[in-house]
Amino acid sequence: MHFPTVRSVLLSVAFVAFAVQSSAAFRTISTSVLKQRSAFNSSDFALDLTKALQITAIPGIYGQLADVSTFPLLGLPDTQMSVVRVYFEDGVVFPTHVHPRATEMLYVVKGSVKVTLEDEFGSTGPIVNTLSPGQVTIFPLGLAHGEVCVSGPCEVVAMFDSPDPSIYFVKI
């Protein structure tokens, strides 16, 4: 006859407690959004980037920014996001920059984009990849990075885990 060890019983109890707690937290988050749902229309849940804020600050680059100012749903406590669709002309460089309040996920829609992530301490050199349509990269919060359209025109969608990621251009 096999009897469970004290350790295995404690681990089982801890796992069940974690699962119950996680499930309760998920229900709380979902309920929070649903409670606030009455303040929004169904159309608020479908972001139309063609109606977003137009960005044309850098020659050869333009885009549409969806943030709290254009889509209030993105600023809900359980959402906290922003998204930007960016178009590059062939050969155009999006200068090295930092987002001090967000991690960025960059999805390539069209073209070929060379992305560079600078090493935090400069000891190993930059991380460089060339991405094709359908590929994604991550730029961690606060780390300098940049993009170049190497075969374009290029289109990317950048998603941020903050309603206001901010952007600062830096020289490396």
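Cut-off values and rules
Residues numbered from 1 in each chain as written. Predicted model: local features only at pLDDT ≥ 70, side-chain atom pairs only at ≥ 80, totals over all residues. Heavy atoms only, no water. Patch = residues over 30% accessible without salt bridge, like charges linked within 9 Å, V, L, I, M, F, W, Y side chains within 5 Å. Areas by Shrake-Rupley, 256 points an atom, 1.4 Å probe, with all protein chains shown as cover. Salt bridge = Lys/Arg side-chain N within 4 Å of Asp/Glu carboxyl O. Helix = DSSP H or I, 4+ residues; strand = E, 2+ residues; numbered from the N terminus. Buried < 20%, exposed > 50% of the residue type's maximum accessible area, 1.4 Å probe, protein only. Phe/Tyr/Trp six-rings, centres within 6.5 Å; stacked < 30°, edge-to-face > 60°. Disulfide = S-S within 2.5 Å. Core = buried A, V, L, I, M, F, W, Y, C linked by side-chain atoms within 4.5 Å. Contact = heavy atoms within 4.5 Å. Pairing = 2+ DSSP bridges.

A.B. asks: How should I be thinking about a nonpolar patch on the surface in this particular structure?
C.D. replies: Taken together, the side chains of M105, Y107, V109, V136 and I138 define a hydrophobic patch exposed on the protein surface, amounting to about 380 Å² of accessible area. Among the secondary structure elements, those contributing two or more residues to the nonpolar patch are β5 (104-117) and β7 (136-139). Broken down by element, the residue count for the nonpolar patch peaks at 3 residues, all from β5. Structurally, V109 can be placed in strand β5. The partly exposed category is assigned to V109, whose relative accessible area is 34%.

A.B. asks: Sorry if this is basic, but what is going on with the packing of aromatic side chains here?
C.D. replies: The description of an aromatic ring pair rests on the distance of the ring centres and on the angle between the ring planes. Inspection of every chain in the model, using the stated rule, returns 3 aromatic pairs. Between the aromatic rings of Y62 and Y87, the centroid separation amounts to 4.7 Å while the plane-to-plane angle is 20°, which identifies the pairing as stacked. Residue Y62 is located in strand β2 (residues 61-66), and its partner Y87 is located in strand β3 (residues 82-88); the two are separated by 25 residues in the primary sequence. Pairwise contacts between aromatic rings join F88, F94 and F169 into one cluster.

A.B. asks: Explain the environment of L76 here, please?
C.D. replies: Within the secondary structure, L76 is located in the loop between β2 and β3. Classification of L76 as buried rests on a relative accessible area of 8%.

A.B. asks: Whenever I open this one, the state of the cysteines confuses me. Can you help?
C.D. replies: Joining two cysteines, a disulfide is a covalent bond between their sulfur atoms. Scanning all chains against the criterion turns up 1 disulfide. What pairs with C149 in a disulfide is C154, and their sulfur atoms sit 2.2 Å apart. The sign of the 80° torsion about the S-S bond sets the C149-C154 disulfide as right-handed. This pair shows no difference in class: C149 is buried, exactly as C154 is.

A.B. asks: What am I meant to see in the nonpolar core here?
C.D. replies: Side chains of a nonpolar character, in soluble globular proteins, are inclined to be buried together. If you look at the biggest cluster of nonpolar residues, it comprises 22 residues, and the most contacted ones within it are I61, F88 and V156. Secondary-structure elements contributing two or more residues to this core are β2, β3, β5 and β8 (145-160). Core analysis: the next-biggest nonpolar cluster, separate from the first, contains 7 residues, L49, A52, A66 and V83 among them.

A.B. asks: Looking at this model, I keep getting lost on the side chain of Q64. Mind explaining?
C.D. replies: For Q64, the position within the fold is in strand β2. In this view, Q64 contacts L49, A52, L53, Q54, V83, V84, R85 and Y87; residues no more than four positions away in its chain are not counted.

A.B. asks: How should I be thinking about the pairing of β8 in this particular structure?
C.D. replies: Every other side chain in a regular strand lies on the same face of the sheet, so the side chains alternate between the two faces. In this structure, β3 lies alongside β8, joined through 7 bridges in antiparallel fashion. From the neighbouring strand, R85 faces β8, where its bridge partner is V157. Direction of pairing for strand β4 (residues 93-98) relative to β8: antiparallel, over a ladder of 3 bridges. Paired with H97 across the strands is H145, a residue of β8. The pairing of β5 with β8 spans 12 bridges and is antiparallel.

These figures come from the coordinates and say nothing about function on their own.
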